[in-house]
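Letter by letter, the chains look like this.
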Amino acid sequence: MNAITIGIILNGSEIHLKSNSLKELIDSLNLSEARFAVEINREIVPKSQIDNYTLNDKDEVEIVIAVGGG
Amino acid sequence: MEKLVVGSREFSSRLLVGTGKYKDFQETQDAIVASGAEVVTVAIRRTNIGQNKGEPNLLDFLNPEEFIILPNTAGCYSVDDAVRTCNLARELLDGHNLVKLEVLGDEKTLFPNMTQTLEAAKILVEDNFEVMVYCTDDPILCKELDDIGCVSIMPLAAPIGSGLGITNPYNIEIILENSNKPVIVDAGVGTASDATIAMELGCDGVLMNTAIAEAKNPVLMASAMKKAIESGREAFLAGRMKKRLYASKSSPEDGAIK
């Protein structure tokens, strides 16, 4: 079986992934319990679609959280 | 105190506070509780890659069910970035559509870029956001933002984080006179009396962060700000006496021993 390797831009940095599952990427970031939002190629990915979302090579992914600010 | 109505929401406190620059999340929470504020601003930022499991998150300390979270677009210098940030914030907060729009023009002054702010405000209002807008204290531009449909006009009193106080009370007065929407002074307040001055002018509220977070004792300053806002509001509603050049006796003239 060939391992999938895709390259994406996550929050501005290029990374390589062995899985094309967005859910697995988020789990690997330890974000599951936090409030976050995801944008892929400038489109919001609603929470309800995250579990079944398939990433593609060269996707530009932004994952954001709330931080202190004025 | 009577409620502050902003768009479709009602706030019981006229003090709105930021969550930046605190030592830690516990101090943030303690100061915000002491301030009595109901509306708290947050920034939206890229998450750290490789966050540790169970690492505390700001929203663990400020439950969105207890506070009204007001996401800002701080750090955005273009219409596009500001609109994207608002969309991410709306998703992050489960469809919550109240945002604080700020499109900055310059890193040194953090003054807003008003042409970009107007354009972003139009896009966001059309997309059903309720926009509270950080802006310059230019009465004409404030009126335009009001006409576009922003739910609150938030002129700066002085540059963000400067603590210089209400530098142009005359413009604030004109903005208040022209505005159909709540006017909230956003940025520039340094200490309690500054907040009171804003409220005495008739402002509907004050939004601040650094004045509390950078005080030596932020929790005590938060409490001072709560009182300052309430005092200023009551003084405004009470209507101050007229100033006169010479003295006017407070005690009766008759019956004084001679």
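Everything here concerns the structure above.
The structure displayed is predicted, hence computed values, not measured ones.

**Q** Outline the overall build of chain A, listing residues and values.
**A** The secondary structure content of chain A amounts to two helices and five strands. Put simply, chain A runs from its N terminus to its C terminus through helices and strands in the order β-β-α-β-β-α-β. For chain A, the spread of C-alpha atoms along the three principal axes comes to 50 × 20 × 20 Å. Buried residues in chain A amount to 43% of all 70 residues. As displayed, chain A offers around 3,900 Å² of accessible surface, 46% of which is attributable to carbon and sulfur atoms. Separation between the mean location of the 6 positive side-chain charges and that of the 11 negative ones in chain A comes to 3 Å.

**Q** Lay out the nonpolar core with the relevant residues and their values.
**A** Ranked by internal contacts, the top residues of the largest apolar core, which has 67 residues, are Leu101, Leu145, Val185, Val189, Met208, Ile212 and Met225 of chain B. The element that contributes the greatest number of residues to this core is helix α3 (residues 79-92) of chain B, accounting for seven residues. With residues near it in sequence (within four places) discarded, Leu101 of chain B still touches Thr73, Ala82, Thr117, Ala120, Ala121, Leu124, Val131, Met132, Val133 and Tyr134 of chain B. Judged by nonpolar contacts, the second largest core, of 19 residues, contains Leu31, Ala34, Val38 and Ile63 of chain A.

**Q** I'd like to hear about the interface of chain B and chain A, residue by residue, with values.
**A** Counting residues at the interface gives 31 residues for chain B and 26 residues for chain A. With both chains or domains summed, chain B and chain A bury close to 2,700 Å², and 53% of this area falls on carbon and sulfur atoms. Along the contact surface separating chain B from chain A lie 17 residue pairs in polar contact (both at pLDDT 80 or more). Where the side of chain B that touches chain A is concerned, the elements lending two or more residues are β4 (39-46), α2 (58-61) and α3 of chain B. In terms of residue class, the side of chain B that touches chain A is made up of ten nonpolar, twelve polar and nine charged. Here five bridges tie strand β5 (residues 60-68) of chain A to β4 of chain B, and the two strands are oriented antiparallel to one another. Residue pairing for β4 of chain B: Ala66 of chain A is matched across the bridge by Ile44 of chain B.

**Q** Which residues make up the packing of helix α5 (residues 139-148) of chain B against helix α6 (residues 169-178) of chain B, and what values do they have?
**A** Residue and element names in this part refer to chain B. Two elements in contact, α5 and α6, have axes whose closest approach is 9 Å; the angle formed by their N-to-C orientations is 30°. Considering their axes alone, α5 and α6 lie roughly parallel with respect to each other. Taken as a pair, α5 and α6 cross one another with a handedness that is right-handed. Contacts from Pro139, Cys142, Lys143 and Asp146 of α5 reach α6 at Asn171, Ile174, Ile175 and Asn178.

**Q** Could you give an account of the pairing of strand β1 (residues 6-10) of chain A, with specific residues and numbers?
**A** Residues and elements named next belong to chain A. In terms of residue burial, β1 counts as a mostly covered element, since four of its five residues are buried. Where β1 and strand β2 (residues 13-17) come together, five bridges link them in antiparallel fashion. Across the sheet, the residue bridging to Leu10 is Ser13, located in β2. As consecutive antiparallel partners, β1 and β2 are separated by two residues, and within that stretch Asn11 has a phi angle of approximately 45°, a positive value. Sheet topology note: the β1/β5 ladder contains two bridges and is parallel. Of the residues in β5, the one forming a bridge with Ile9 is Glu60.

**Q** Just give me the short version of the state of the cysteines, but keep the residues and values in it.
**A** A covalent bond bridging the sulfur atoms of two cysteines is what the word disulfide describes. All names here are of chain B. Under the defined criterion, the tally for this structure stands at zero disulfides over all chains. You can see Cys76 has no disulfide; the closest cysteine sulfur is in Cys86, sitting 7.6 Å from it. Free of any disulfide, Cys203 has its nearest neighbouring cysteine sulfur in Cys142, separated by 11 Å. Accessibility expressed as a relative area gives 0% for Cys203, which makes it buried.

Rules behind the numbers
Along each chain, residue indices are assigned from 1 in the same order as the chain's sequence is written. Chain letters and ligand numbers both follow the written order, the letters beginning at A and the numbers at 1. Note on the predicted model: pLDDT of at least 70 is required for a residue's local features to be given, and 80 or more for side-chain atom pairs to be given and counted; whole-chain, interface and lining totals, by contrast, use all residues. Only hydrogens and water are removed before side-chain values are computed, so all heavy atoms of the structure are retained for them. Note on conventions: DSSP H or I runs of at least 4 residues are helices, E runs of at least 2 residues are strands, and numbering of each starts at the N terminus. The classification of residues rests on relative accessible area computed with a 1.4 Å probe and restricted to protein chains. Under 20% of the type maximum is buried, over 50% is exposed, and intermediate values are partly exposed. Where accessible areas are quoted, they stem from the Shrake-Rupley method and a 1.4 Å probe; at the residue level, only the protein chains shown are allowed to cover. Here the positive residues are Lys and Arg and the negative ones are Asp and Glu; neither His nor the chain ends is included. Each charge is placed at NZ for Lys, CZ for Arg, CG for Asp and CD for Glu. Side-chain atoms within 4.5 Å link the members of a nonpolar core, which is a set of buried Ala, Val, Leu, Ile, Met, Phe, Trp, Tyr and Cys residues. Here, residues are in contact when the closest pair of their heavy atoms is within 4.5 Å. Accessible area that two parts lose when put together, evaluated with a 1.4 Å probe and summed over both, is termed the buried area. Whenever two N or O atoms come within 3.5 Å, that pair is a polar contact, provided that in protein one can donate a hydrogen and the other can accept it, and provided that, for residues adjacent in sequence, both atoms are side-chain atoms. In the scheme used here, Gly and all other residues not listed as nonpolar or charged are polar, with Ala, Val, Leu, Ile, Met, Phe, Trp, Tyr, Cys and Pro taken as nonpolar and Asp, Glu, Lys and Arg as charged. At least two DSSP bridges between two strands are required for those strands to pair. Orientation is described by lines fitted to C-alpha atoms, with helices fitted over the stretch in contact, and by angles between N-to-C directions that extend from 0 to 180 degrees. Each angle gets one of four labels, with under 35 degrees taken as roughly parallel, over 145 as roughly antiparallel, 65 to 115 as roughly perpendicular, and the rest as oblique. The handedness criterion is simple: a crossing whose near helix is rotated anticlockwise from the far helix by less than a right angle is left-handed, and one whose near helix is rotated clockwise is right-handed. Throughout, a disulfide means two cysteine sulfur atoms within 2.5 Å of one another.

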